[in-house]
Amino acid sequence: ECGGLMYLMEELVDFKEGIFPMVGVFSGTVKMAAKLHSLGYVEIETVKNNILSHKGERNRGHVFHWSYLAAIPKDICFAYRMRNSKQELLLDGLIRGNVLASYVHLHFASNVNFAKKFIESCREYKLSRRE
């Protein structure tokens, strides 16, 4: 969620335009904005199966961030279609293998299947490591 997404990008550009290398799991840059970029409650619909949910499942959460993604490849894989408080539809949740990084802070009580799917994904991963 949020900070983890920032950490997993290739680089971060701070408020003073300083550029810092990050982990690079996902291609692209995260840039700090001069003002709050996003704040409020959101609803998400899963558009691609991932470690937390199956396509078509819905959940709620919130966003609060000063950053935004830039220079991401056109073929990057998104997990969610997100509707914000302004009723805008946005894509969120970057997927690569068994990694999911997102701006949205999910409210797992909105859909307990997300927690169940996470446990299932962890079990599957553990079993795959035994082979």
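Going along each chain's sequence as written, the residues are numbered from 1 onward. Under the rules for a predicted model, residues below a pLDDT of 70 receive no local features and side-chain atom pairs below 80 are neither given nor counted, while totals for whole chains, interfaces and linings still include all residues. Hydrogens and waters are ignored; side-chain quantities use all the structure's heavy atoms.

Structural notes on the UniProt feature "domain: CobB/CobQ-like glutamine amidotransferase" (unreviewed entry) in the protein chain
- UniProt positions are given in the numbering used here, feature names are shortened, and annotations may be inferred rather than shown by experiment. The UniProt feature table records "domain: CobB/CobQ-like glutamine amidotransferase" (unreviewed entry) at residues 1-111.
- To qualify as a helix, a DSSP run of H or I must reach at least 4 residues; to qualify as a strand, a run of E must reach at least 2; elements of each kind are numbered from the N terminus. Secondary structure content for residues 1-111 is 5% helix and 50% strand, and the end C-alpha separation is 17 Å.

Some points on the sheet that holds strand β5 (residues 58-65)
- At least two DSSP bridges between two strands are required for those strands to pair. Overall, antiparallel pairing links the six strands, which are arranged β9-β8-β7-β4-β5-β10 in an open sheet. With partners counted over all chains shown, the strands left at the sheet margins are β9 (99-101) and β10 (105-106), one partner each.
- Note: strand β8 (residues 89-96) against β9, three bridges, orientation antiparallel. Among the inter-strand pairings, I95 is bridged to a residue of β9, identified as L100.

So, the pattern of salt bridges
- Note on definitions: salt bridges are taken to be side-chain nitrogens of Lys or Arg within 4 Å of carboxyl oxygens of Asp or Glu. Following the criterion strictly, the structure yields three salt bridges and no others.
- The partner of E43 in a salt bridge is R60, with the nearest N and O atoms 3.6 Å apart. In this pair, E43 is assigned in strand β4 (residues 38-46) and R60 in strand β5, connecting sequence segments 17 residues apart.
- Its relative accessible area of 42% is what places E43 among the partly exposed residues.
- Residue burial is assigned from relative accessible area. The probe radius is 1.4 Å, only protein chains are included, and a residue is buried under 20% of its type maximum, exposed over 50%, and partly exposed in between. Overall, R60 belongs to the partly exposed group, its relative accessible area being 49%.
- Measuring nitrogen to oxygen at the nearest pair gives 3.3 Å for the salt bridge that ties E45 to R81. Taken as a pair, E45 in strand β4 and R81 in strand β7 (residues 77-83) lie far apart in primary sequence, 36 residues in all.
- Each member of the salt-bridge network shares a partner with another, and the members are E45, R58 and R81.

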